[in-house]
Structure formats: C-alpha cells, structure tokens
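# Structural description and commentary
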Amino acid sequence: VGLWHLTETNQTLLELQNPSPEDLETIHSFKHPGRQKQWLGVRLLVKHLTGQKDGKINYDENGKPYLPSGGLNISISHSGVYAAIAWSACQKVGIDIEQISDRINKVKERFLREDELASLPVPCLLEQLYVCWGGKEALFKISGNPGLDLRTDILIHPFDYLCNPKQTCQATLFHEGSVTQHTFHYRN
C-alpha cells in the first residue's frame, strides 16, 4: 500500500511524471486542479512503488484499473489532497481513502443494511460509517462487478472500533452465487 499527501504543486507533479501527450490531454480534461493533482499523484505512486517506468494505468470494460505490463493486481483511490494505491502479485486488492465529513450521514442507508447500522455504537459513529464505507468500496473494487450492490451484496460484521488494536474488520461478499469471507484493514 502506498499513500501520498499531495503537498506539491501541479507543476512539480507534472515535471516528476513527464506525461505523454495523451496523458496531458487527459490531465487537462479535468477542470478542477485538485482532480489533476490526484490523477498525477496516483500515477506517480504507481511509477515509483511498482517499478512501472511510466505509471501508465489502463481500465477494463468495468472501469477496474490494471497495469499494461500485467503481473500486478492494483487498486487506486484518492480524496482531497491524498492519493493511494494497493498492489499485489498474488491476490486481488481493493483500497479506499476518504476525508471524514458529516455528509456520509445523509447516505448511510444507501450502503448499510439496518442490522449493520444497528451494530454501530454512537461513540465514534462517523468514523465507523467511514470504515464500513471504505470496506465495502474496497470489496466492490476487488469484485470488479459494476452491478454489485453495496447495501445487499456486502455485509460488514459487527466490530469493536474503539478496542481493536489490529484495526481489522470482517465482511461477507455475496457475489454471483458464491459467498466469500474477507478481512479488511483500516486506519484513521
């Protein structure tokens, strides 16, 4: 896993990346400078942490990222001034990073079942909502299925947020007739 706090200017990131003309076109298609910074940050992480020479990322028909050279499973995420990647040569990976805000309270019923919501104690509720969201988003990315329903197809098992030194959580993925168990890790 790699995480980058993007404090550099977009110009500095451009110089570090040395993008192709095609990549420059993509970068300039983003209207918001913050989104340009995130795009560059993710590619620089790929470039420097996986050994890829150009940081190139392709996407399959479902929008799942992959490296053109193959050999590594990757997942990417960005939020605000942070960019992150996860990669593995032997298993599928998923990563999600989020900046915590109250806005998640408006959508929690869209991604959490009633029993999941009921299992979250009030102390640190906001942080726990983000743990659940991030875990479901990471499993969504692992599955590569755009039809996966976060609310019904992924179950986050009750976890003790305040007394969990390993910062892990269990989840069940119901996908295409199969049921698989997953452990995900979270950090504040």
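Everything here concerns the structure above.
Residues numbered from 1 in each chain as written. Predicted model: local features only at pLDDT ≥ 70, side-chain atom pairs only at ≥ 80, totals over all residues. Heavy atoms only, no water.

### Some points on the nonpolar core
- Cys132, Ile154, Ile156 and Phe159 are the most contacted members of the largest nonpolar core, which has 21 residues in total.
- Among the elements that make up this core, the one with the highest residue count is helix H6 (residues 125-143) (six residues).
- Every residue in contact with Ile156, bar those within four places of it in the chain, is listed here: Glu116, Cys132, Lys136, Cys169, Gln170, Ala171 and Phe184. (Core = buried A, V, L, I, M, F, W, Y, C linked by side-chain atoms within 4.5 Å. Buried < 20%, exposed > 50% of the residue type's maximum accessible area, 1.4 Å probe, protein only. Helix = DSSP H or I, 4+ residues; strand = E, 2+ residues; numbered from the N terminus. Contact = heavy atoms within 4.5 Å.)

### What to know about the pairing of strand E8 (residues 178-185)
- Relative to E8, strand E7 (residues 168-175) is paired through eight bridges, and the arrangement is antiparallel. Directly across from Phe174, in E8, lies its bridge partner Val179.
- Linking E7 to E8, which pair antiparallel, is a turn of two residues; within it Glu176 sits at a positive phi near 50°. (Pairing = 2+ DSSP bridges.)

### Considering the pairing of strand E4 (residues 73-79)
- In terms of burial, E4 is largely enclosed, as five of its seven residues are buried.
- Two elements, E4 and strand E5 (residues 82-88), share seven bridges in a ladder whose sense is antiparallel. In the sheet register, Asn73 faces E5, and the bridge partner there is Ser88.

### Comments concerning the packing of aromatic side chains
- All chains considered together, the criterion is met by three aromatic pairs.
- Ring geometry for Phe111 versus Trp133: centroids 5.1 Å apart, planes at 80°, classification edge-to-face. Placement of the pair is Phe111 in helix H4 (residues 108-111) and Trp133 in helix H6, with a sequence separation of 22 residues.
- The exposure class of Phe111 is buried, given its relative accessible area of 2%.
- Residues Tyr161 and Tyr186 carry aromatic rings whose centres are separated by 6.0 Å and whose planes lie at 15° to one another, so their mutual orientation is stacked. (Phe/Tyr/Trp six-rings, centres within 6.5 Å; stacked < 30°, edge-to-face > 60°.)

### Here we look at the environment of Asp54
- Topologically, Asp54 is positioned in the loop between helix H3 (33-50) and strand E2 (58-59).
- With relative accessibility at 42%, the residue Asp54 sits in the partly exposed group.
- As a C-alpha pair, Asp54 and Leu44 span ten residues in sequence and 8.3 Å in three-dimensional space.
- A distance of 2.9 Å separates the side chain of Asp54 from the backbone nitrogen of Lys56, its partner in a polar contact. (Polar contact = N/O pair within 3.5 Å; in protein donor to acceptor, adjacent residues only side chain to side chain.)

### A word on the environment of His5
- Take His5: it is sitting in strand E1 (residues 2-5).
- Note on His5: relative accessible area 39%, which makes it partly exposed.
- Distance from His5 to Val81, taken between C-alpha atoms, is 5.9 Å for residues 76 residues apart in sequence.
- Contacts of His5, omitting those with residues within four sequence positions, involve Val81 and Tyr82.

### Some details on the sheet that holds strand E6 (residues 154-156)
- Ordered by their spatial adjacency, three strands build an open sheet running E6-E7-E8, and the pairing between neighbours is antiparallel. Sheet topology places E6 and E8 at the edges, where each strand pairs with a single neighbour. Mean inter-strand twist for the sheet, computed between neighbouring axes without regard to direction, equals 25°.
- Each of E6, E7 and E8 is contacted by H6, which is oriented at about 145° to E6, the strand it contacts most. (Axes fitted to C-alpha atoms, helices over the stretch in contact; angles between N-to-C directions.)

### Topic: the sheet that holds E4
- Strand order in the open sheet made by the three strands is E1-E5-E4, with antiparallel pairing throughout. This sheet does not close on itself; its edge strands, each paired only once, are E1 and E4. Between one strand and the next, the sheet's axes are offset by a mean angle of 10°, whatever the strand orientation.
- Of the strands in this sheet, E1, E4 and E5 touch H3, which is tilted by about 35° from E5.

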